[in-house]
Each structure stands twice: as C-alpha cells, then as structure tokens.
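Residue-level listing of the chains:
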Amino acid sequence: MAARSIASLSISFGLVSIPVKVYSATESKSAISFNMLHKGCGSRLRQQYICLKEDVVVERADMVKGYEFEKDRYVTFTPEELKALEDAAEQTIDIVSFMPVGAVDPIYFDKAYYLGPDKRGAKPYNLLAEAMRETGTCALAKWAWKGKQYMVQIRVGDDGLILQQLLYADEVRDMADLHVERADVAPAELKLAQQLIEQNAVEGYDPTAYADEEKQRILDQIDKKIAGKKITVAAETPAPAGGEVIDLMEALRKSIGSNKRQPAAKSAGKAAAKAAPEAPARKTARRAAAAPVEVPRRAARK
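Just so we're clear, the structure is a prediction, and the values are computed from it rather than from any experiment.

How each quantity is defined
Residues numbered from 1 in each chain as written. Predicted model: local features only at pLDDT ≥ 70, side-chain atom pairs only at ≥ 80, totals over all residues. Heavy atoms only, no water. Helix = DSSP H or I, 4+ residues; strand = E, 2+ residues; numbered from the N terminus. Buried < 20%, exposed > 50% of the residue type's maximum accessible area, 1.4 Å probe, protein only. Contact = heavy atoms within 4.5 Å. Areas by Shrake-Rupley, 256 points an atom, 1.4 Å probe, with all protein chains shown as cover. Salt bridge = Lys/Arg side-chain N within 4 Å of Asp/Glu carboxyl O. Pairing = 2+ DSSP bridges. Axes fitted to C-alpha atoms, helices over the stretch in contact; angles between N-to-C directions.

**Q** Kindly report on the overall build of the chain, identifying the contributing residues and their values.
**A** The secondary structure content of the chain amounts to seven helices and eleven strands. Looking at the chain as a whole, 21% of its 302 residues qualify as buried. Across the chain, contacts joining residues at least 24 apart in sequence account for 66% of those joining residues at least 6 apart. For the chain, the exposed surface amounts to about 23,400 Å²; the carbon and sulfur share of it is 55%.

This is the structure in structure tokens:
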C-alpha cells in the first residue's frame, strides 16, 4: 500500500525553498490492552463525563474545550477557533544551521518522520541530501506543528531525508539529579569487562532480528485462558539483597565462559517459527469465545 503523507511543507534553506511531503516514519505496535467489564454480566463499560458543579452526565455534543488562565477560570474555544490556531503556523521548516551528524545527543530525539520531495522538488531535495551526505552534516531547523514549535534535525538516510523532532532542554531531566555513586575500577576487572564486551559485540543493530517476546508470552497465556485453562504464575527468582557482596571478578569470569552469544537473527527466527502456527488458532479461538473476552489493539499514535 502506498504511503500517505500527513502534510505538505517547504524546507527553507537560504533563498532556496524545497517543497516536501511529510510521512510518519514509525507506527505503534500497541501493547496488549484489556477492557473494563461489568463483573456481574460481563458487558463492556463506557466512560462518562460528569459535570462537577451540577453532578450530571455531559454528552460530547455539549462539551467545549477551554484553557485555564486563572484558578477555576477558563476561556473557551470553538472547534473552528482551535483549527485556526493550528493553521496559523507557517507551513515551512526553517533551517537555522548545520552541524556534524553525531552532534545531537540521542536523548533529545523524539518522533521521526520521512521527508519526500513534492512536485518540482526533486532537484533541490536531492541537492540538499547529497550536500549533507558529502559534508557529513545534518541540519538544525524550526518547525511549527499542531500548536507547538519544534526544533528538528534533518539528516540523510539511505533513501532520503529524515526529520527528527527534538526535545527542548526543559523536557529532558538532568541525570546529575540521580547523584550516581562513583567507585574505583581495578585494571583486572576492567580487562575482564572489556573481554566480555568484545565477546558479545556486533557490527550494528538489526531491528528485524528481534521480536517482542514478552507480548508473545502474554498472548500465549491469553490463548490458554480462551481455551478454558488456568493461567499459572511462574515462581519468581528472588532478587539479590541490597547489601549482598558479590565477587565481581568471579562473576565476570563465569559470564565470559557461559555467555556465548548466538546470532540474534537465528534466535528471533526460531521464536517467530514457534509463534507462527499459534496465530491462526488464536484468531479462531477469539471469534468463538464469548463476548467478554476482548483483546483489542489501541490506535497508533501520531
């Protein structure tokens, strides 16, 4: 299915304007969610909005959005006014500077989007991409979108430009607040730790080599419940006591001897093969199950 753009914008670069289309680069594969049911009859429950002043249920048609500018004092907005506030933003991504690709700490990364050239934008689009690729740089830009101005990074991917929303400084907590305790590291301990790292080192991250094993485990348990079986709770492994002293050198040696890394892709493939035959059975079981058993997926966020 062809990708659908969510916006048409222009990248402003000096006196150059590059028309682009914006596409979501990610989609949420929601965690398993459970519905609230009436314990007595098993029917779905629905939420209601209650007016705190009149203590009555308010229907959605009678609701308006408001902004609290003082304690318990609001200014309200109509849907048209809210739309006008969003549409007032300029439909441009303004590049303010260029920097090395790795200059932005990934902790500031938020949602990612793909940028594709719009009509008559292929030539300047590819020119900007090739120039950044050759110089090893990315662009820092401003983007106003849905009531907020974002600082964004524009970088070159394998097939085109990627727009990465960035968090502001006040949106990232300071790790110094943790007051991380410092401890001396012995040379022998460091050497063993480095050896353990080298033993498990890979060239890069292959996202296709991994699957959500925890989600699969829960789905398997749900299948058992649908089939009328009881869900059993595995015995928990006791966590080491906080004051327990461990022999770090011995633990590192045992790790090096026993932690023989297997190719992740092979492990993921086995997990997928194991899960594949169960998927049709789960769908059939859900269709045949009584109404109270529902495991819907949440809608993907923007």
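The rest of the description comes next.
**Q** Run through the pattern of salt bridges, naming residues and quoting values.
**A** Taken as a whole, this structure holds seven salt bridges when the rule is applied. Here E27 ties to K29 by a salt bridge, and the two come within 3.5 Å at their closest N and O atoms. Comparing E27 with K29 shows no difference in burial state: the two are exposed. Across the pair R133 and E130 runs a salt bridge whose closest N-O atoms are separated by 2.9 Å. Taken as a pair, R133 and E130 lie in helix α2 (residues 122–135) at a separation of three residues, close to a single helical turn.

**Q** Can you explain the sheet that holds strand β7 (residues 92–100)? Please cite residues and give values.
**A** Strand order in the closed barrel formed by seven strands is β1-β2-β8-β11-β10-β9-β7, with mixed pairing between adjacent strands. Each strand of the sheet is rotated relative to its neighbour by a mean of 40°, with strand direction disregarded. Bridge count between strand β10 (residues 148–156) and strand β11 (residues 161–166): six bridges; the pairing is antiparallel. Paired with V156 across the bridge in β11 is L161. Contacts from α2 reach β1 (7–13), β2 (16–24), β7, β8 (109–117), β9 (137–145), β10 and β11, with the element oriented near 85° to β2.

**Q** Tell me about the environment of V96, and name the residues and values.
**A** Among the structural elements, V96 can be located in strand β7. Residues V96 and G14, 82 residues apart in the sequence, show an inter-C-alpha distance of 9.1 Å. With residues near it in sequence (within four places) discarded, V96 still touches L140, A141, K142 and M151.

**Q** An account of the pairing of β8 is requested, with residue identities and associated values reported.
**A** Where β2 lies against β8, five bridges are found, and the strand directions are antiparallel. Paired with V20 across the bridge in β8 is P117. For β8 and β11, the ladder comprises five bridges, and the chain directions are antiparallel. Opposite L115, over in β11, you have L161 as the bridge partner.

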